[in-house]
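What follows is the residue order along each chain.
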Amino acid sequence: MEDPFQGLAEAYEAWYETPLGAYVIAEEERALRALLPPGESLLEVGAGTGYWLRRLPYREKVGVEPSPAMRRLGEVRAKEAVWVEGRGEDLPFPGGRFDVVLLFTTLEFVGDVGRTLREARRVLRPGGALVVGILEALSPWAALYHHLGEKGVRPWTHARFLTREDLAALLGPPEAEGEAVHFAPEARPPYGEADRAGKRAGNRPALYLGRWR
Ligand SMILES: C[S@@+](CC[C@H](N)C(=O)[O-])C[C@H]1O[C@@H](n2cnc3c(N)ncnc32)[C@H](O)[C@@H]1O
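Let me sum up the structure you'll find in this document. Remember, predicted model here, so these are calculated numbers, not experimental data.

## Some points on the pattern of salt bridges
- Counting across every chain of the model gives 19 salt bridges.
- Glu29 serves as the salt-bridge partner of Arg33, at 3.0 Å between the closest nitrogen and oxygen. One end of the pair is Arg33 and the other is Glu29, both in helix H2 (residues 19-35) and four residues apart, which spans about a single turn.
- Residue Arg33 is classed as partly exposed on the basis of its relative accessible area of 39%.

## Here's the deal with the layout of surface pockets
- Of the pockets and cavities examined, the largest pocket occupies roughly 1,200 Å³.
- Lining the largest pocket are 49 residues; nearest its centre among them are Phe5, Tyr12, Thr105, Phe109 and Pro155.
- Residue assignment for the lining of the largest pocket shows that the elements contributing at least two residues are helix H1 (9-12), H2, strand S1 (41-45), helix H3 (51-55), helix H4 (68-77) and helix H6 (140-150).
- Tallying contributions element by element places H6 first for the lining of the largest pocket, with four residues.
- Looking at the lining of the largest pocket residue by residue, the classes come out as 31 nonpolar, 10 polar and eight charged.

## Remarks on the side chain of Glu136
- As for its placement among the helices and strands, Glu136 is situated in the loop between strand S5 (124-135) and H6.
- With sequence-adjacent residues up to four places away left out, Glu136 is seen in contact with Ala142, Leu162, Thr163, Arg164, Arg204, Pro205, Ala206 and Tyr208.

## Details of the packing of helix H5 (residues 113-122) against helix H7 (residues 164-171)
- In the contact formed by H5 and H7, the axes pass within 11 Å of each other and the chain directions differ by 60 degrees. Here H5 is positioned oblique relative to H7, judged by the angle of their axes. Pair H5 / H7 crosses with right-handed handedness. Touching Val113, Gly114, Leu117 and Arg121 of H5 are Leu167, Leu170 and Leu171, all from H7.
- Considered class by class, the residues forming the contact of H5 with H7 number five nonpolar, one polar and one charged.

## Concerning the sheet that holds strand S4 (residues 98-104)
- Strand order in the open sheet formed by seven strands is S3-S2-S1-S4-S5-S7-S6, and the pairing between neighbours is mixed. What marks the edges here is a single partner per strand, and that holds for strand S3 (82-84) and strand S6 (176-180). Averaged over all pairs of adjacent strands, the angle between strand axes in this sheet comes to 15 degrees, irrespective of strand direction.
- Bridge count between strand S2 (residues 60-64) and S3: three bridges; the pairing is parallel.

## A look at the packing of aromatic side chains
- The final tally for this structure, using the stated rule, is 17 aromatic pairs.
- Ring plane angle 70 degrees and centroid distance 6.0 Å describe the contact between Trp15 and Trp141, whose orientation is recorded as edge-to-face. Of the two residues, Trp15 is situated in the loop between H1 and H2 and Trp141 in helix H6; the sequence distance between them amounts to 126 residues.
- The partly exposed category is assigned to Trp15, whose relative accessible area is 31%.
- The side chain of Arg55 reaches across the aromatic face of Tyr51, ending 3.6 Å from its centre.

## Regarding the site of the ligand
- Near the ligand, the surroundings consist of 20 residues, among which Glu44, Gly46, Glu65, Gly88 and Glu89 are the closest.
- Within the side chain of Glu44, a nitrogen or oxygen atom sits 2.7 Å from a nitrogen atom of the ligand.
- The separation between a nitrogen atom of the ligand and a polar main-chain atom of Gly88 is 2.8 Å.
- For the ligand, whose unbound accessible area comes to 590 Å², protein coverage reaches 97%.
- Here the ligand occupies the largest pocket.

## Some words on unusual backbone geometry
- Pro155 follows Arg154 through a cis peptide bond whose omega is 0 degrees.
- Along the chain, Pro155 turns up in the loop between H6 and H7.
- Here the amide bond leading from Pro189 into Pro190 is cis, since omega sits at 0 degrees, within 30 degrees of zero.
- With respect to the secondary-structure elements, Pro190 resides in the loop between S6 and helix H8 (191-200).
- Phi angles above zero are rare outside glycine, and Thr105 is one such case at about 45 degrees.
- Turning to its location among the elements, Thr105 is positioned in the loop between S4 and H5.

How each quantity is defined
- Residues numbered from 1 in each chain as written.
- Predicted model: local features only at pLDDT ≥ 70, side-chain atom pairs only at ≥ 80, totals over all residues.
- Heavy atoms only, no water.
- Salt bridge = Lys/Arg side-chain N within 4 Å of Asp/Glu carboxyl O.
- Helix = DSSP H or I, 4+ residues; strand = E, 2+ residues; numbered from the N terminus.
- Buried < 20%, exposed > 50% of the residue type's maximum accessible area, 1.4 Å probe, protein only.
- 1 Å grid on protein atoms, 1.4 Å probe; cavity = no way out; pocket = protein on both sides within 12 Å on 5 of 7 lines; lining within 4 Å.
- Points joined across faces, edges and corners; volume = space filled by probe spheres on them.
- Nonpolar A, V, L, I, M, F, W, Y, C, P; charged D, E, K, R; others polar.
- Contact = heavy atoms within 4.5 Å.
- Axes fitted to C-alpha atoms, helices over the stretch in contact; angles between N-to-C directions.
- Parallel < 35°, antiparallel > 145°, perpendicular 65-115°, else oblique.
- Left-handed = near helix turned anticlockwise from the far one by under 90°.
- Pairing = 2+ DSSP bridges.
- Phe/Tyr/Trp six-rings, centres within 6.5 Å; stacked < 30°, edge-to-face > 60°.
- Lys NZ or Arg CZ within 6 Å of the ring centre and 35° of its normal.
- Near = heavy atom within 4 Å.
- Polar contact = N/O pair within 3.5 Å; in protein donor to acceptor, adjacent residues only side chain to side chain.
- Areas by Shrake-Rupley, 256 points an atom, 1.4 Å probe, with all protein chains shown as cover.
- Sits in = over half its atoms within 2 Å of the grid points.

Structural data, given as structure tokens:
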């Protein structure tokens, strides 16, 4: 199967070093940490280069990642995690194995969203938390990425975008929600002010997060 992230792994986190990228990822991290519950074990499905696995405070961290390029870099950068080759649609774990399962901008790229979510719930212990982050389909950022995909720019050629309503239809109402980054990608600094203006204008945020039990 073609890997839309092939050749992109090294560049994947470089954007976070730019002023715009640093603001965006800090806001996303704040929103994500606010939703993550305490627990011993975390599984990230589509763990990429291990950006979150390096940062999140769980004793046992496991990353499932199908892209060889992303996984190899993740294995170097997030040595504290166990890395497993696999796909969200068919997780190689017994039921009830994890306290927390995280899917952060992964559903955009999986072959089968419904099956991936069913698998994520299967491997959660009873009462465990499923935390899902999506690039909101109705945000200005998803509009840009959709446009780039149509122009042939990877990985967006392979992406689909969901709304928070799509997620609620698949998973039911979340027990908690979060969001981040209300400004459009072409915003200029100061980004804090741009973010408040985007919120006042009613923009959907780039990142929507939900937590389900
Ligand atoms: C946008 S990246 C997000 C990576 C990481 N979650 C992060 O936030 O830094 C999407 C990741 O999903 C992975 N992916 C694609 N198809 C997948 C599938 N069927 N199951 C699990 N992960 C998949 C990609 O290889 C890629 O690493």
